[in-house]
Amino acid sequence: MVYYFKARPEVGDYTIFMGVDKYENDELIKYGFPEDLWFHVDKMSSAHVYVRLHKGQTISDISEGLLEDCAQLVKANSIQGSKVKNIDVVYTPWSNLKKTTSMDTGQVSFHNSKMVRTVRVERRINEIVNRLNRTKVERTPDLRVEREAANAVERAERKLHLREKILRDQNTFADMLAKLATNV
């Protein structure tokens, strides 16, 4: 099961989501999207929280409000982290997550530690957590099917762009031939 939350409206249309347990977290790691950012309390047990950015956006495009929503949700869903002040939340693109067969269920590391960012959360802000919890929806998605469907759409878009490029190149070539023919 996956929990879905709606970010504050003023930051745009973003869905924040997290697995219900460590087994679901492994599935989210396995079938993530390139636009996903992953959040976790640093050096403590916590939920794995994700936000899916819009196509073309990167970690640098995340707004302060969206970052705060994700960080507060991670803090609130950490047994240790929810009880202490001044915790660090780490976040990184999904593509930077590293999962090996020797790791425990739900455990993850990083391909490149330089791609990991940290935000300090001084305290839990109940207004944010309560607002997010009011939008909470539980679903049992087939993450593999969702990822395969997204891959199929990406392949179709690449094919379309390639066809358009070939057509443009053919037209350019035909134009060049026509100019050469008129110059002879």
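Conventions adopted
- Residues numbered from 1 in each chain as written.
- Predicted model: local features only at pLDDT ≥ 70, side-chain atom pairs only at ≥ 80, totals over all residues.
- Heavy atoms only, no water.
- Buried < 20%, exposed > 50% of the residue type's maximum accessible area, 1.4 Å probe, protein only.
- Helix = DSSP H or I, 4+ residues; strand = E, 2+ residues; numbered from the N terminus.
- Pairing = 2+ DSSP bridges.
- Patch = residues over 30% accessible without salt bridge, like charges linked within 9 Å, V, L, I, M, F, W, Y side chains within 5 Å.
- Areas by Shrake-Rupley, 256 points an atom, 1.4 Å probe, with all protein chains shown as cover.
- Salt bridge = Lys/Arg side-chain N within 4 Å of Asp/Glu carboxyl O.
- Lys, Arg positive; Asp, Glu negative; His and termini not counted.
- Charge placed at Lys NZ, Arg CZ, Asp CG, Glu CD.

Looking at the pairing of strand β5 (residues 87–93)
Here's step 1: The buried count for β5 comes to six of seven residues, which makes it a mostly enclosed element.
Here's step 2: Note that strand β3 (residues 36–41) and β5 share five bridges and pair antiparallel. Residue pairing for β5: tryptophan 38 is matched across the bridge by threonine 92.
Here's step 3: For β5 and strand β8 (residues 117–121), the ladder comprises five bridges, and the chain directions are antiparallel. Note on β8: the bridge partner recorded for isoleucine 87 is valine 121.

Some words on the environment of arginine 144
Here's step 1: Examined against the element boundaries, arginine 144 turns out to sit in helix α4 (residues 143–183).
Here's step 2: Taking the C-alpha atoms as reference, arginine 144 lies 8.4 Å from lysine 30; in sequence the two are 114 residues apart.

Quick notes on a positive patch on the surface
Here's step 1: On the surface, a cluster of positive charge is made up of Arg155, Arg158, Lys159 and Arg163.
Here's step 2: As for its position among the elements, arginine 158 is in helix α4.

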